[in-house]
Amino acid sequence: MLVMGSSCKKWLDTQPRDGITRQGFWKTKEDIQAAVSGCYASLLAPPPGVNDKALTEYLFMFGEMRADMIDAGPGITNEEKDIFDVNIVESNSVSRWSAFYRTINFCNTVLDYAPAVKDVDPTLSTEQLNAYLSEVLALRSMMYFNLVKTFRDVPLKLTSTSKDTDLQDLPKTSGADILNQIVADLKKAEAGAVTTYGSTVNDKGRVTKFTVNAILADVYLWMDNYSACLTECNKIISSQRYAMQSAGSSWYFNVFYNGSSTETIFEFNNSNSVNNVFYNLLIQAKKRFIASAYVASDVYMPDEVDPDRFYDIRGDVFYRNSDFSIVKWGTENPSFVNWQAYRITDIMLMKAEALAQTNAGTEALALINEIRLKRNAVTATAQTPDVEDKDGICDYILAERSREFAFEGKRWFDILRMAKRDNYRRLDLLINIISQTVSPALQQSAIVKFRDINSHYFPIYEAELFADPKLVQNPFYTK
Amino acid sequence: MGLLLNAQYKFLDRYIFNAGIRGDGNSKFGPNNRYGLFPSASVRWRVSGEPFMQRAAKYIDDLSFRASYGVVGNAPRNDYSYLNMYQNYGFSYLGSSGVYPTNIELSDLRWEKVAQSNVGLTIVLLKNRLNMDLDVYRKRTTDLFYPGIAIPTYNGYSGVDMNVGTMDNQGWEFSLNYTPVRSQKLRVDFSFNISHNENIIREIDPLYPRENNGKITNNNVFKVYIQENNPFGSFYGFKYKGVYKDLNSTVALDENGSQIVGPNGQKVYMRFAYPSVDYVFQPGDAMYEDINHDGNIDYKDIVYLGNGNPNLTGGFGTAVTINGNIRFGANFSYRTGYQIINGTKINTTSMYGFNNQSTAVLRRWKTEGDITDIPRATYATGYNFLGSDRYVEDGSYLRLRSITLKYDFNKNMLKRLGIKALSANVMVENVLTFTKYTGQDPEVPVKLTAFSTVIDNSTTPPIKTITLGLTANF
């Protein structure tokens, strides 16, 4: 007989030395703060060891690639070229939502486990807990809003994944239902969010009540709920905390290079964290994207009389006329220009759009002209639509937005939002941009594809369909 | 941490039992699955020792049945992978360091169990001159580990470690040793062995990838699929029919062999991967079989091409000893029943890049009307070296592995020289190979996983060597 062995049950319950387990975490309010910071950090870069692009890169690509203001640069990949040519297939690896859901999962983790800290840490007050929960609720809503704008119907996961038993196969939820969920969540967040953190940098880089108002205004406008949108916009404007900066040589420096200016309502703060991803995308020799010819010819038209003395301050600093590279996000390597999520001009133009749709055209035009005055916009780009002409005013707003938010990941969604209004009454807005960046040989097929409204959204990536049998692909991509 | 209990019992010199049990605890698992119990048992029954076999005792020296069964448990490679861990992001956001959950808690991760069962028969006949062994075995791995299986990313993570299924490694072995002549002057030995082994997936989780990476519509890709109850090693690709000799031969044909005509009476030419790639074949391009006769060469036209796992492997040999001091031996080894992908042929006839090519490309297609088997040269474009049976060959071979000759010098003669023993030997290795394979060496390493194929890239072959030796004992 041969017997060997030794035992002790507790001895096998080892804990790691280089990190902390969930059972050891969630004990103090500082833990919640660290987890919330983790959610913000995930906006700037993927976690260490995860091989994925940063969320900001996806925001830029999803918001600009299908529109008319960026074009393929020397380093473009074949898959990205296919997206420019309206030739997206479900195996295109750009069409992935993993970065958004990572942030959503981090936010869900805070929502699931932070409330229990109150029982363990007596120094955590209810207001502080609600403030943290509002921050992550707003971030999660912003992520889902981007998913709805890009994919339309996506799985809705409102609980965190912490155990292998939490893994589930979800079907898609319709975009309309998700938007309702977002509105409900943002209303809850508005109640708990703070108005200020006591420092400017924190007020712009973290979620405040006004961030929630801004996201709500954006969501209401997407849902064509103009009166609600106006209410949210007015809350921000009447707070008098945000104002446009005057035109001048330091405008770009204050608003973008330094960031955290009076114009910004919410930004992803790179300056005090980590460099942004845009040097490789936009500046290096093999850059993937450049400004399109449309930008020079129609967006920032030079002044007809004296282009050297009268020029739009935005045209000069957002892109380089010599080689069409996009310099808005910085030209240095590494660059720390913050990603601007919402600025006061965004709110003003959203308000103008809502006003135009509710027969308040005069007020809408006044807002547009206020911005144009502050930005030294040239007369060549001025338009004079009739105050009754909703479409004309909206076209003017669209044009002004292209100047104000060039390369900020908003262009495609602006066009789509205006085109899909009233059951795609203005589908030609989408058709008209095809000639700007689609290869001539493929323009006809692109026009045909855009007539199917399902083609306006990205397909679900094929690996997701394989891993979840309940997911059904967008019908345009199964033809 | 483990505890092992083992017992052996022999009864009447013909019943031998051995049993053991092992209990293991491992900190790499969650609290539910930390402990595992692994039994093992084996038995040997010497039939020839039975009373009813007495009469056959003069013919049969030994006849035994053997059987054994044992289970071993494997733990995952990494510690703490089952815990839900939080780590630092590496940079802080607005001065506050960020923490995030790195992985999910694996409460359901179980031991990987490997159960090995073996049944064998030993026969010894003719006064120990004929020895035969036959073994049939199966090694079944249940709850097979797979690290990082892809899960839907809306969970926030892209992969999770899981137990995914059941895999068998099974086969049989037979060996024989026969000494026909055994006397002072001459002794002759023969030996022979043959075996067969295969890996089969019995059950697999639906999240496990079902095919290898790579699109069949890219050059130099062979597809491998996971199929339950089918052995590993099978690969799929196109059927190669030669080269389109002129424009007329690129017209698409239907099942009856007549040319397909379009609705306006125009000729329909063969295309590749319509509508995604949509390349129209040109004269001189490689011609692939259009299995479904739709005028389009794509994934629907791939067929089974072969299997890289040898059906039978083994060897045989002989040894002759004359007068006790001259020894001669020869050994052969063989493998049959498998196909090799000739990777060297792909690389040296593709004409795709700057690599040196073989002289076969001198007979490539150059003008319309040329009939040849090498397609036209297309630098960095074209689909002329897709995974097809153009590169698949039978890899069976019989190799004379070694011939040895040894001579022991007469001891009496040596005594006078003061040497206790002296022998000289000559050994020639890898003498001859009989095979139909056109590549460098058919003995390509066969290391098959669920998604690999046997590709010969002409690694250094075993070299023919002649060794001369002299051994002296003082």
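Scroll up for the structure.
Let me sum up the structure you'll find in this document. Source: prediction; values computed, not measured.

Looking now at the overall build of chain A. For chain A, the count of helices and strands is 21 helices and 6 strands. In terms of overall size, chain A behaves like a compact globule, its C-alpha atoms giving a radius of gyration of 24 Å where 479 residues would be expected to give roughly 23 Å. In terms of its C-alpha atoms, chain A occupies a principal-axis envelope of roughly 100 × 50 × 45 Å. Counting every position in chain A, which comprises 479 residues, the buried fraction comes to 49%. Excluding contacts between residues fewer than 6 apart, the proportion of contacts in chain A whose partners are at least 24 apart in sequence is 70%.

The next point concerns the nonpolar core. Among the nonpolar cores identified, the biggest contains 161 residues, and Val110 and Ala138 of chain A are the most heavily contacted of them. Looking at which element gives the most residues to this core, the answer is helix H6 (residues 126-151) of chain A, with 14 residues. Core analysis: the second largest hydrophobic core is formed by 19 residues, Phe281, Met287, Trp365 and Phe385 of chain B among them.

Each partner contributes to the interface: chain B provides 47 residues, whereas chain A provides 56 residues. Mapped by element, the contributors of at least two residues to the side of chain B that touches chain A are strand S1 (2-11), strand S5 (85-93) and strand S6 (96-101) of chain B. With 8 residues, the single largest contributor to the side of chain B that touches chain A is S5 of chain B. Among the residues making up the side of chain B that touches chain A, the classes are represented as 25 nonpolar, 19 polar and 3 charged.

Residue and element names in this part refer to chain A. Here glycine 248 shows up in the loop between helix H10 (226-238) and helix H11 (251-258). Residue classification places glycine 248 among the exposed residues on the basis of 11 C-beta atoms within 10 Å. As a C-alpha pair, glycine 248 and glutamine 340 span 92 residues in sequence and 20 Å in three-dimensional space.

Let us look at helix H17 (residues 390-404) of chain A. Residue and element names in this part refer to chain A. The end-to-end C-alpha separation of H17 is 21 Å, in line with the 21 Å expected for 15 residues at 1.5 Å each. Buried within H17 we find Ile393, Cys394, Tyr396, Ile397, Glu400, Arg401, Ser402, Arg403 and Glu404. For H17, the secondary structure elements touched by its buried residues are helix H13 (293-299), helix H14 (313-318), helix H15 (344-357), helix H16 (361-374) and helix H18 (411-424).

Reading guide: rules and limits
Residues numbered from 1 in each chain as written. Chains lettered and ligands numbered in written order. Predicted model: local features only at pLDDT ≥ 70, side-chain atom pairs only at ≥ 80, totals over all residues. Helix = DSSP H or I, 4+ residues; strand = E, 2+ residues; numbered from the N terminus. Rg over C-alpha atoms; globule rule 2.2 N^0.38 Å. Buried ≥ 20, exposed ≤ 12 C-beta atoms within 10 Å, placed from the backbone. Contact = placed C-beta atoms within 7 Å. Core = buried A, V, L, I, M, F, W, Y, C linked by C-beta atoms within 7 Å. Nonpolar A, V, L, I, M, F, W, Y, C, P; charged D, E, K, R; others polar. Expected span 1.5 Å × (residues − 1).

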